[in-house]
Amino acid sequence: MPTMTAAQRREQARLEYDAFIRGCPTNQLLDRISDKWVSLVVSALAQGPMRYSDLGRKIAGVSPKMLTQTLRSLERDGLLTRTVTPSVPVRVDYALTPLGRSLSLLLTAVKDWAETHFDEVHRARERYDAETADNTEHAESARNTENTRD
């Protein structure tokens with residue numbers, strides 16, 4: 001077996017990434033980018049750079065702590081940049097990197113899909129819940145009938 005250089009080993013490992021394996025780095029990355037707050041921050045920044053306070057107002061329900069954690073993780077992953085402009089008060093702008101913009105195409109499409117199809121999903125949930133409730137009632141009725149026969 002020939003010896004492999006470090007670069008060759010890295011390339012082989014990259015080719016063998018399998019997001020279905022829990023310990024695989026791609027599984028961990030999917031876990032990160034599938035987070036609700038990540039999706040909403042990336043989708044918001046797809047419209048252009050924004051300040052922290054603008055993001056907080058745009059994304060309903062996000063706490064300051066969660067917004068800060070999300071922005072830090074996205075910066076660490078190379079998906080956004082944080083630019084500090086010295087002024088009074090200090091101005092901090094967040095913008096997507098080219099890598100972040102490529103992800104924003106996918107996450108914005110998912111957000112748009114959810115907004116477009118929510119009514120259909122809601123009706124499906126109501127049908128399912130009604131059918132499940134009917135099946136539960138029938139099962140309880142059958143059990144009660146059996147119990148009265150005993």
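Residues numbered from 1 in each chain as written. Predicted model: local features only at pLDDT ≥ 70, side-chain atom pairs only at ≥ 80, totals over all residues. Heavy atoms only, no water.

With that settled, the discussion passes to the sheet that holds strand S3 (residues 91–96). Ordered by their spatial adjacency, 3 strands build an open sheet running S1-S3-S2, and the pairing between neighbours is antiparallel. Every other strand in the sheet has two partners, leaving strand S1 (50–51) and strand S2 (80–85) as the edge strands with one partner each. Bridge count for S1 against S3 is 2 bridges, and the pairing is antiparallel. Its bridge partner lying in S3, arginine 51 is registered against aspartate 93. Against the sheet, helix H3 (residues 36–45) touches S1, S2 and S3, its axis set at about 95° to S3. (Pairing = 2+ DSSP bridges. Helix = DSSP H or I, 4+ residues; strand = E, 2+ residues; numbered from the N terminus. Contact = heavy atoms within 4.5 Å. Axes fitted to C-alpha atoms, helices over the stretch in contact; angles between N-to-C directions.)

Here we take up a negative patch on the surface. A surface patch of negative charge is lined by Glu131, Asp134, Glu137 and Glu140. Considering the arrangement of structural elements, one finds glutamate 131 in helix H6 (residues 98–149). On the basis of relative accessibility, which here comes to 47%, the residue glutamate 131 falls in the partly exposed class. (Patch = residues over 30% accessible without salt bridge, like charges linked within 9 Å, V, L, I, M, F, W, Y side chains within 5 Å. Areas by Shrake-Rupley, 256 points an atom, 1.4 Å probe, with all protein chains shown as cover. Salt bridge = Lys/Arg side-chain N within 4 Å of Asp/Glu carboxyl O. Lys, Arg positive; Asp, Glu negative; His and termini not counted. Charge placed at Lys NZ, Arg CZ, Asp CG, Glu CD. Buried < 20%, exposed > 50% of the residue type's maximum accessible area, 1.4 Å probe, protein only.)

This brings us to the layout of surface pockets. By volume, the largest pocket is sized at about 180 Å³. Surrounding the largest pocket, Thr26, Leu29, Leu30, Ile33, Asp77, Leu79, Leu99, Ser102, Leu103 and Leu106 form its lining. Every element with two or more residues in the lining of the largest pocket is listed here: helix H2 (25–33) and H6. (1 Å grid on protein atoms, 1.4 Å probe; cavity = no way out; pocket = protein on both sides within 12 Å on 5 of 7 lines; lining within 4 Å. Points joined across faces, edges and corners; volume = space filled by probe spheres on them.)

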